[in-house]
Each structure stands twice: as C-alpha cells, then as structure tokens.
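# Remarks on the overall topology
Spelled out from the first residue to the last, the chains are:
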Amino acid sequence: MLARLEKERLAPSLRASKETLLRRLSLDLIGLPPSIDEIDAYLNDAGEDAYQKQVRRLLDSPHYGERWGRYWLDAARYADSDGFEKDKPRKVWFYRDWVVKALNQDMPYDRFIIEQIAGDLLPNATQDQLVATGFLRNSMINEEGGANPEQFRMEAMFDRMDAVGKAVLGLTIQCAQCHNHKFDPISQEEYYRIFAFLNNSHEAMQAVYTPEEQQLRARIFSEIESIENGLRRRTPDWRERMAAWEREVVNDQPDWHVLDADIKLGSGEKYEVQPDKSILAQGYAPTRSIVSPEARTNLQGIRAVRLELLTDSRLRLGGPGRSFMGSAALTEFEVEVAPVSDPKKKKKLKIATATADINPPMEEVDLFLFPDKDNKRRVLGEVDFAIDGFEMSAWSIDGGPGRRNQPRKAVFQLEKPIDFDEPIILTFNLVMKHGGWNSDDNQSLNLGRYRFSVTTEENAVADPLPAELRHIVSQVPRDKRTPEQEAVAFSYWRTQVPDWEDENRTIEGFWAQHPDGATQLVLSERETPRMTHILQRGDFLRPSGQAKPGVPAFLHALETASREPTRLDFARWLVARDSPTTARSIVNRIWQMYFGVGLLETSEDLGRQAPDPSHPKLLDWLAVELMENDWKLKHIHRLIVSSETYRQSSKAAPELYEKDPRNRLLARGSRFRVGGEAVRDVALAVSGLLNPEIGGEPVYPPAPEFLFLPPVSYGPKRWFVKNGPERYRRSLYAFRYRSVPYPVLDTFDTPNGNFSCVKRDRSNTPLQALVTLNETLFFESARALGRRAVEDGGATDAERMDYAFRRALTRRPSAAEKNELLALLEAQKERIRSGGLDSWPLIAENRGSPFSEAQAGELAAWTAVSRVLLNLDETITRE
C-alpha cells in the first residue's frame, strides 16, 4: 500500500488524535461510542500497548457480535415477517442470536458457513446447528389467497441461490436461472446443479429453546426418567406385565379402509393429496372455514369414520394444525352420503358417539392469540364438542408444550350403518370456526394434514396408542427393539397401571412445567430425494432435463467418493482452501466496512465484469491470512485496525481530496456516516438510555400507529410498544416488517430483508435531520442527556456543557463551540423565565414531582441544547 502511494507521489496522512481513534475504533467494532470513563482511561494510558488494549477490549465485548452480526444479517435477508401482501410475522430471532453468538465466540468462518448451509446434516446436530440453517430459510413466504405454494417455493429457492452467490461466493449467479450467464462462465445447467444441493430439503419449522429453557427441559426429563427407573426397580416383573398388555392391544383395532378423498372447493387454501392419501393444506390459512372433502367407495355397511390428523414438516412446528403452534380445533364434524348415480341426493348422517386419543379439559379460547371481533365466549375441549351442533365449542388437539405436535385421531360412530345398492359418495364437512379474525396475524386454528378411513366393524373407537407406539407394538419384536423404543413403550404403558396413579400424576406435573419455546425456520433433508429440473427461462411450469448435484466447472472441483454429493459436501466445497472467491469475498466486505468501499468495490460480484481491485496483492494476502489463521475473523479485524492505514487522520490537504476523492489510494482515514442502526444506538448510548441486554425476542420501538393499519399496511399489524427498558434496546432487536419498515431505520438506508444485501446504500437527506430532531426516541434521548448533564455534569453550566459535549462527540468542545452552546442554553432559560412553564411544550415531561418549577425549566433548556448535540453531523459520523 505504501508502495502504491509512493508511485502516486503521495504520503500517508498523520495519525488521528487519540479521541478520534478511540471513537472510530469503538463505532467500528461495537457500533457504540466510547463512554467518558473509557475516553479518560485511554487518554491517561501512556503505555505502548494502550491502543492494543482498546482493540482487545472491544473485540472481547459482547456488542462486537451485535455490530458485525447486523451486516451478516443483511446478506442473510433477515427480517421478522414473511413479506409479500400479508407479510405475516414470523419468530426466527434464534437465527439472529446465533449469528451474534457465533461472531462473539469467533467461530471459524469456514465452520460459520458450513453450519448455515448444512448444519442439519452434521453428525448429532445440535439445536444451534439446526438454527444456523435459518440462513437459507430467511426467504420471503407468500401465503396470499390464490398463491401457488410450489411457485413461491421456487421463488424462495432462487433467493437462496442469490444469497449463497452474494454472501459466500461473492458472485452474481441469479441470471443463470434463466439462461447461461452472459458475463461469467456459469451455464444454466451448472446453476441448477448447485440448485439441486438445496432442493432436497423440507421447508421445516421446529421448536427451539433458550439456554434457560433447555436447562428446565433437561431437569424435567431427568425427573421423569428417575421416576420411571424407580418404577422399574420396584416392579421386577414389569417386562412380563408390559408384554401381556401389548398382547392385549396389538390386535384391538378394526380394519380401516383408507379413502381417496379430494377437495373440489375450499376456503382459499391450496390442497395437495399426498401419496398416503392424506390431504395437506398449504398457502393461505383462513381463520374460519368449512372444508368438504369427498371420497367415493364401493364399501357397504360402513359403521364408523376415522379422522387422522397427521404431522408434516411443511406445517408450523410440524402440525398437525395450522396455528402458529401447530395446533388445531375442529368445531363440527359432519358426514353426508349420496349415491354415485345422483350426487345431489345428499343425506346427512347422524353420528352417535365420538372418541379420540386426546380429550383435553375444557378451556376458553385465548382471545389475545385468537381474538374474536364480537368477543364471543368460545371453548375448546373433548371430542364430543365436534358433534354437539354448537358453534362455540370445538375439539382441541393441543396436548400442551412438548407434546403438542404429534399425530392425533378421532373416530365417529354412525347411528346406523350405510347401506346402498351402488357405490357412494361420502362428504366430510370439517367446520373450523375457532380461529381469530385476522388471517394476517397467524390466527388460524385449522387442520393442516388429515386423512379419512372407514370401517364396517361394530364398536370402533379411536386408537389410544400414539402412532409411534402402535408401530412399535405391532411391527417391532421385543428382542429387536432399541432402548429408545422400549422407553417409548414403557412411558405409555405406565399410564395404564392403576397402582402407579400417584407417580403418573407427578410426571404430569413435570410436563406442565415444560416451556413453550419459540420457533425457527430450518432445513431438514427429505427422506425421498426430490428431482431437480432445469427450468426453461426460470419458469417452474417449464421443467426440462434433470440436473444432478454438482458445481461449476470454472471453479475448483468437488471431490467426493462414488456416491452422489450432498448439501454438506457442497458446504465444505464452498470453504475449501482452493476456493478462489470465498475468503476474498468476506475480507473484502470487512475492508468495505472500515473504509467505506472494498478493495474491490463491487463486493457482491468478484467476477469477470468487476473492476480491478485497488490493491490486488493486499486482497489476496488478507484472504490467505484468514485461511492460515484458522479462518478467525477477529484476526483480520485486529490486523486492519492495528494498521497505520486505519489509524490515519481523515483530514487532508485539498489537493489530496481532488486527486483521490473516494480515497481509493488510502492516503487518509475514511469519514462517513454510521449505519442506520448505529445512528439510533448512538443517541441511546449518549443519553444513557441504552439497554445493553444481548439477544432475545424482537421489540417494538415507538412508531406512528397509522403505519400498521390499512391502507398503509395491507391488514392491521400488531405493534406493542413498551415503556420499560425494552423500549431502549439496540436497533438490532427492533421488529422488522418487510412491507412496513421501521421509519427511523428506513430513513437511514437500512435494508428491509427482501433480498441479500452485501453493500448498503448511504444517502444524506433532510428527512434524516428531521428524524434526529423530532422522532420520539431521539427526543427522549435528548431529554435524558439534558438531565444527565444537570445531575452528573458538574456544578456550573460550563462544566455541564463539557460533559454533554464529550458524551456526544468524545472530544472536548472548542472555545467557540462552547460559547455558542452556552449562549443557546441561556437563551432557552430566558425564554422559559419570561414565558412561564407553559410557554414551551418541551418542558411538559419535566414538570411536576420530583422537580420544582425552576428545575423543570432548567431541564427543558438543557433538553433543547441536547437536541442540538444529537443532531450534529459529527455525532452520527464515524471519522
């Protein structure tokens, strides 16, 4: 770099001042300004290692992961809603926290990528490794009425390919979805060969738990295991007794004939008949619906109908329902019959009794989660509610946390057998009216996947055995069972032993403590491989030849054995040592964050059409340095911020600005506005309001109410602003609707998560100044900063002004700056003294106990000065 400057007959700039360096370093590494105590500690440290101490301190800060995680989340398309018309909220913040945690722990970058591409395929994958695959699941989801699920699955696949190209490879590859790449040597066939690696996965959602919840779960399961082991020890013949019970139940079910049912007219959902003859509901999820599947059968003498509710990875938490918890409620179940020769002659059949494998106690519908506009009292409970003819009651399949998402079944005995002289059409009316009123807010309680069977045998009842246990009892000989299968059988059988009633009650008490957890979109590999086709013009309706998993020929080879490569092989290929772009891509983006532009300025595209790097040897060296140091990103950060290039002053002679206006020669330090999140975080930190808590659910900062109501929003959206400490969380944790971006961040050019972004735009508009002057949290920050200046800044206004100025800008004010601000302060005090407390709205929040009238006026004047400090360009500039 120095050689380049000498070639251009330029000299490096002098070092920046210690205050400027510490502020620059702090904003760069943790996204927050230094405190006065941190400034003074650095200024008073005369040791040669003083600067490196600050580097180590900031790299070790938990806020480092927040700062740098935000920019990876841009590339990962992270947002808290689905996008498109309905833009439904989604709970995926575990992925955001995984990114922060991984960066704080300095996870090697190659492992960081592997876990995000194929964490679910790693041996004995942990919850964190499954959560990491949310990288590929951050795509938008379309659940509008009429949307084709397969079409938008393809759109999500194209988005994932784009994200892998930009975020990992540093290549634009998306045009190859339609045709051979015009500017880089990647063919359409090669595009779909990469596509094939990602195309064999379920669009899954799973329950996830915080560390505290995981500890609670471990304790619950340990207590249950301890009780069950105690039962085994006190009952030496338990194996013989359980075997006898199994012999009783193994053949206690009638022969069921599974029907080929189909739905001709639904409620806006898309219905897909599965190979096992079940019906899967996808796409739009109405809150209230009546679905009427039909099936033809030649069977006569039908006495009972079985409704099976089945789990599926495409449902929330696996279903079997479509609520955000995967649960469902069936308001009414009705059966109609008609002869095939005259389908209009439908006759409603009377159902005599109903049985189910789950009959929860009666409870009212939670009106917060599933609100009814009329606030009608709706109840959930046993299966009899599904045949009582009362619209306000429904059968619930909710077994509670930890046992909610499993197959369920109900059997409905007919009062009279069905007897016709010809084939019949059976119509099953599934009435589902217990959801809320707003489908845009995940208020559905509909069934997700279901199947119908009939029997001619008398007295049929629902099989009380869970599906997994029924398989074990009927298909797996006792001497062939795994310990896990034996444990499943014992855990159910013990509930059938009358002498163990007390122990069973105690175990139920432990299950009642099980946490609800949260949800996370993840990948899980399909058991049956999905065939990948090359799509003509990228149209999912125009498949052509098959594409096998593979990589572009112009990049390095993918070495595997004779087997077909997997997504895990692809992930490892991405971060192989001989990958020409992966390491270069990430170090170039890191450089971009420090200097405003990368060594290669098109950070999303290192391909053939990209401009030449400004310092190609430096780019290559940094990439190799990363790989040779265990892919540790903090090593690269330490190298850059320790360099003389980084520590230069941004001040330079006019001729240097004229010769190198974009600082591509790096003869001076860089100067630019901090990112949108940091603009807000700086104000909160300077004022002392910032809540430093790391991770957790997204929060709702103050925002105009009309944004979340029609016509601005397609439908009403929940936005629960809080007044406690959560109100002042970092911007990283602000809830992000894709269709209604949080105005503060949107004004300062933050991406909305619609697509992968590896280089933000940066603008300078009057709206930004209006935000820092008038937006609610900026005003509250100004008021808090003014109060701090009065209470902690010193005995005189001059001392307080120094204090407030240093909090905002790190440095001390010049004499001219200080005099100007003191004059402003005095003018505001005089205005309040002459006009009274009602002369200026700014004092409203400072009025009354515990403040006197004079104190309220003093605080109002300091609030005005603080607004000026927070609105200075220098306050939100990283210099």
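All of the points below concern the structure found in this document. (Residues numbered from 1 in each chain as written. Predicted model: local features only at pLDDT ≥ 70, side-chain atom pairs only at ≥ 80, totals over all residues. Heavy atoms only, no water.)

In total, this model carries 39 aromatic pairs according to the counting rule given. Seen in terms of ring centroids, Phe158 and Phe195 are 5.9 Å apart; in terms of plane orientation they differ by 50°. Their pairing is tilted. Placement of Phe158 in helix H10 (residues 149–169) and of Phe195 in helix H11 (residues 188–198) is noted, with a sequence separation of 37 residues between them. Overall, the relative accessible area of 6% leaves Phe158 in the buried class. What makes Phe195 buried here is its relative accessible area of 1%. (Phe/Tyr/Trp six-rings, centres within 6.5 Å; stacked < 30°, edge-to-face > 60°. Helix = DSSP H or I, 4+ residues; strand = E, 2+ residues; numbered from the N terminus. Buried < 20%, exposed > 50% of the residue type's maximum accessible area, 1.4 Å probe, protein only.)

Next up on the list: the nonpolar core. Side chains of a nonpolar character, in soluble globular proteins, are inclined to be buried together. Formed by 151 residues in total, the largest nonpolar core has its most connected members in Trp72, Tyr95, Phe112, Phe135 and Phe570. Once residues within four sequence positions are removed from consideration, Phe570 is found in contact with Ile117, Val164, Ile194, Phe197, Leu198 and Val551. (Core = buried A, V, L, I, M, F, W, Y, C linked by side-chain atoms within 4.5 Å. Contact = heavy atoms within 4.5 Å.)

Now for unusual backbone geometry. In this chain, Gly319 is followed by Pro320 through a cis amide linkage whose omega measures 15°. Summarising the element assignment, Pro320 is placed in the loop between strand E8 (302–309) and strand E9 (329–330). Residue Pro711 is reached from Pro710 by a cis peptide bond, and omega for that bond is 5°. Examined against the element boundaries, Pro711 turns out to sit in the loop between helix H22 (676–687) and helix H23 (743–747). At Asn459, a residue that is not glycine, the phi angle is positive and equals roughly 55°. Mapped onto the elements of the fold, Asn459 is located in the loop between strand E18 (449–455) and helix H14 (467–475).

Moving on, we come to the pairing of strand E15 (residues 393–396). Alternating positions in E15 separate into two faces, Ser393 and Trp395 on one and Ala394 and Ser396 on the other, with burial throughout. Strand direction decides the pairing type here: E9 and E15, joined by two bridges, are antiparallel. Paired with Leu330 across the strands is Trp395, a residue of E15. Alignment of strand E14 (residues 379–381) against E15, held across three bridges, turns out to be parallel. Across the sheet, residue Val379 finds its bridge partner in E15, namely Ser393. (Pairing = 2+ DSSP bridges.)

To continue, consider the environment of Ala653. With respect to the helices and strands, Ala653 occurs in the loop between helix H20 (633–642) and helix H21 (654–659). Once the C-alpha coordinates of Ala653 and Gly509 are considered, the two residues, 144 residues apart in sequence, prove to be 75 Å apart.

Moving on: the sheet that holds E9. Strand order in the open sheet made by the four strands is E9-E15-E14-E13, with mixed pairing throughout. Two strands bound the open sheet, and with one partner strand each, they are E9 and strand E13 (363–364). Pairing analysis gives two bridges linking E13 to E14, with the strands arranged antiparallel. When the bridges of E14 are listed, Glu363 appears paired with Leu380.

With that out of the way, let us pick up the pairing of strand E19 (residues 518–525). Burial analysis of E19 places six of its eight residues in the buried class, which makes it a mostly covered element. When strand E1 (residues 201–208) meets E19, the two strands line up antiparallel, connected through eight bridges. For Ala204, the partnering residue across the bridge sits in E19 and is Val522.

As a further point, take the side chain of Arg494. Structurally, the position occupied by Arg494 is in the loop between helix H15 (483–493) and helix H16 (501–511). Assessed through its relative accessible area of 5%, Arg494 is described here as buried. If we ignore the near neighbours within four places in the chain, the residues touching Arg494 are Glu228, Leu231, Trp500, Asn504 and Ile507.

Here the focus is the packing of H14 against H15. It is at 10 Å that the axes of H14 and H15 come closest, and there the two elements cross at 110°. On the basis of the axis angle, H14 is roughly perpendicular to H15. With respect to the hand of their crossing, H14 and H15 are arranged in left-handed fashion. Side by side, H14 and H15 meet where Glu468, Leu469 and Ile472 of the first sit next to Gln485, Val488, Ala489 and Tyr492 of the second. Within the contact of H14 with H15, the residues separate by chemical class into five nonpolar, one polar and one charged. (Axes fitted to C-alpha atoms, helices over the stretch in contact; angles between N-to-C directions. Parallel < 35°, antiparallel > 145°, perpendicular 65-115°, else oblique. Left-handed = near helix turned anticlockwise from the far one by under 90°. Nonpolar A, V, L, I, M, F, W, Y, C, P; charged D, E, K, R; others polar.)

We now examine the layout of surface pockets. The calculated volume of the second largest pocket comes to roughly 820 Å³. If you trace the second largest pocket, you find 39 residues lining it, with Ile141, Pro149, Glu203, Gln282 and Arg314 closest to the centre. For the lining of the second largest pocket, the elements supplying multiple residues, two or more each, are H10, E1 and strand E5 (279–282). Top contributing element to the lining of the second largest pocket by residue count: H10, with six residues. (1 Å grid on protein atoms, 1.4 Å probe; cavity = no way out; pocket = protein on both sides within 12 Å on 5 of 7 lines; lining within 4 Å. Points joined across faces, edges and corners; volume = space filled by probe spheres on them.)

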